[in-house]
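Here is how the chains run, residue by residue.
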Amino acid sequence: MSKKILIGPAEEDIRALLSQSREPSEVIKTIQKEYGLDLLGIEHMYPLLDFCGYSRLDIHKACLDALNVETVKYIESSSFQLEQFYDLFDKTFPYIHIPLMQPIPMALLKKFEKHVGEDVIEKLKSDMNVFANCPLNIKQRVYKQDEAFFQQSMLPLLNSYHHDETLQKLAINLKPDSYQEVIEQRRTHPIVYKFMEVIGGDPQIYLMFMQMVRIVFETTPYPSLCSLRIDVLMNYHDLGYEKTLQLDKCHQLIWSLDTCVRNQNMDESIIVKIKECFDLVKNGTPLYADFAMVLMDPMISNFLASCIVKWLRSSVDDNAPDDLEELISYTTKLLNLAEHAPTAVALNTKIPKLDKEIKNVLWTVLCEIFVNEDADMKIQIKDSDFNALQGMLVRSDIARKVFVHYLIDRVQERDVGTLHRCLPLILQTWPSPDFDERGIVYRQTYISFIRTMIEIVTKRNLYELIADVKWRQVIMENFLLKVVAWDEKIHEQLVWLLTDYFTDPKLLLKLGSQFILISEWADVVVSNGKVDEKKSPCGNVPSSYFKSEKCIEWRIHN
């Protein structure tokens, strides 16, 4: 007797048999006999396979996998023709929602996409789990027909990209050891590759991708969107996809800035290339706003800010280059575009001219601070300069970016005196909770500074942080123990800093009785630090547990 098919209507038959019998075990035996594999001698093989520990599911699944592999090979061969497609597709498509049954109809969809009707396409779109496994040519056909569906499909991936911890850490590192490694990590990230797989080098879908990023940026102007836009383009640049690159009017600007970041240099020749991008592009147009988005990428804007710090420091030297003022001025204009990218994109408005006080006040005040580097801690910033700088930090992202990059340099140079004079400005200009939408970048700038500062101190200054009274007061007690309440990740990073003392026995021995300070700091950190109630900085440990010094011990042993 021929075996019955165990899909489709068979489900109802099996359900009826089980509900009508008082002996389920007997029904199961009947089902196994009637719906088992229709192979010669299989009834004699089952007991042996049972003895070897294989269930019926294992056996049937292995057979189905083998059948799928061989059938797909046949479909992909030249001998499988169109007339065979219709018959096999009609038989297998009703079961495409079953993962084990997908390989054959998916192979058919891939090879004969042009012969697939719109009714089939609509059914595929109605089940996102099925659609996710469809071949690329089917997905691209759907995307080109329905851009709203494309955007809906991409939003979860976009969300995963934005919240990816690895990418977030790269974005907030103001002083990476190697920019080449940062670029490599960003552009080879699995989510970036997933976007490229979806686009598949298709010019039309690439345009849709750019438009989607822009639409999302209008309502949530996160710098991560700018990074994604750049990294996808540069990957296609490296692959030589000329048709795709020709469609992107930001290509030359992105490529030029990428060269700057890679070489950590911005000379006159590259500035000429950048200026060429703005020829015939008017302020207030969508392309001008797109340029601003590119400049808002953290890696690019941080590079520009670091260049300004370097050039401002050179300006106080007697042998400063003749074109220094022009370099500073143009780079500042680029940062001005980056600062106003959110409003330019969302409101389609012109980007305002650079605040005159940046050039007339901010640079002058910073240069006066440079002059007093490494000076005695008794030296203070003049009240007028302090107030002017404080006002600039509150209202200008250019001021904030340049200032925090300067302070990172001072941390690396162990200039505690300058940090003593300048860190209070960070404390006094942290944005309030009701700050407007610009707070997205505002907060990220300060959080980036603090986290980069902690990384440097952790690597190089653990001993001074306790043993040197100036370091202890300026860095830890008067700053880090206060900003721990600002952000969950700062809180977590400070916990790691404290536990690093326990990883070096020689350091503990060298510190002697001063080691008791770690316990006091731990108490302040866990009492005042901001905690994400959904995810404690101690991993799977409850948040309430983090508010005790025992958490420090937990970190040491884990």
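So, how was this worked out
- Residues numbered from 1 in each chain as written.
- Predicted model: local features only at pLDDT ≥ 70, side-chain atom pairs only at ≥ 80, totals over all residues.
- Heavy atoms only, no water.
- Helix = DSSP H or I, 4+ residues; strand = E, 2+ residues; numbered from the N terminus.
- Buried < 20%, exposed > 50% of the residue type's maximum accessible area, 1.4 Å probe, protein only.
- Contact = heavy atoms within 4.5 Å.
- Areas by Shrake-Rupley, 256 points an atom, 1.4 Å probe, with all protein chains shown as cover.
- Axes fitted to C-alpha atoms, helices over the stretch in contact; angles between N-to-C directions.
- Parallel < 35°, antiparallel > 145°, perpendicular 65-115°, else oblique.
- Left-handed = near helix turned anticlockwise from the far one by under 90°.
- Nonpolar A, V, L, I, M, F, W, Y, C, P; charged D, E, K, R; others polar.
- Expected span 1.5 Å × (residues − 1).
- Polar contact = N/O pair within 3.5 Å; in protein donor to acceptor, adjacent residues only side chain to side chain.
- Core = buried A, V, L, I, M, F, W, Y, C linked by side-chain atoms within 4.5 Å.
- Patch = residues over 30% accessible without salt bridge, like charges linked within 9 Å, V, L, I, M, F, W, Y side chains within 5 Å.
- Salt bridge = Lys/Arg side-chain N within 4 Å of Asp/Glu carboxyl O.

Student: Break down the overall build of the protein for me, citing the residues and quoting the values.
Tutor: Per the secondary structure count, the protein includes 34 helices and zero strands. For the protein, the residues scored as buried account for 47% of the 558 residues in total. Taking all contacts inside the protein whose residues are at least 6 apart in sequence as the whole, residues at least 24 apart take part in 70%. Accessible surface for the protein amounts to roughly 28,400 Å². Of this, 54% is attributable to carbon and sulfur atoms.

Student: Can you tell me about the side chain of Arg141, naming the residues and giving the values?
Tutor: Take Arg141: it is sitting in helix α9 (residues 136-145). In contact with Arg141, other than residues within four places in its own chain, are Glu113, Val116, Gly117, Glu118 and Ile121.

Student: Which residues make up the packing of helix α23 (residues 356-371) against helix α24 (residues 383-395), and what values do they have?
Tutor: The N-to-C vectors of α23 and α24 enclose an angle of 125 degrees; their axes lie 10 Å apart at closest approach. Taken together, the axes of α23 and α24 lie oblique to each other. Here the hand of the crossing between α23 and α24 comes out left-handed. Of α24, the residues touching α23 (which contributes Glu357, Ile358, Val361, Leu362, Val365, Glu368 and Ile369) are Asp385, Ala388, Leu389, Met392 and Arg395. Looking at the contact of α23 with α24 residue by residue, the classes come out as eight nonpolar, no polar and four charged.

Student: Give a detailed account of the packing of α24 against helix α26 (residues 416-428), specifying residues and quantitative values.
Tutor: Running from amino to carboxyl end, α24 crosses α26 at an angle of 40 degrees, the nearest separation of the two axes being 10 Å. Here α26 runs oblique to α24, going by the angle between their axes. Crossing geometry of α24 relative to α26 is assigned as right-handed. Side by side, α24 and α26 meet where Phe386, Leu389, Gln390 and Leu393 of the first sit next to Arg421, Leu425 and Gln428 of the second. Its residues placed into classes, the contact of α24 with α26 shows four nonpolar, two polar and one charged.

Student: Tell me about helix α30 (residues 488-500), and please be specific about residues and values.
Tutor: The terminal C-alpha atoms of α30 lie 19 Å apart, and with 13 residues this matches the ideal 18 Å at 1.5 Å per residue to within 8%. Every buried residue of α30 is accounted for by Ile490, His491, Gln493, Leu494, Val495, Leu497, Leu498 and Thr499. Two or three places before Lys489, at the opening of α30, Asp487 has a side-chain oxygen 2.9 Å from that residue's backbone nitrogen.

Student: Can you tell me about the nonpolar core, naming the residues and giving the values?
Tutor: In this structure, Phe195, Phe209, Met266 and Phe449 are the most contacted members of the largest nonpolar core, which totals 167 residues. Filtering out sequence-adjacent residues up to four positions away, Met266 remains in contact with Cys260, Ile271, Ile274, Phe303, Leu304, Cys307, Trp311, Leu327, Thr331 and Leu334.

Student: Any details on a nonpolar patch on the surface? Residues and values, ideally.
Tutor: Residues Met45, Leu48 and Phe51 make up a contiguous nonpolar surface patch of roughly 360 Å² in combined accessible area. Tracing the backbone through its elements, the reader meets Met45 in helix α3 (residues 42-51). Residue classification places Met45 among the partly exposed residues on the basis of a relative accessible area of 40%.

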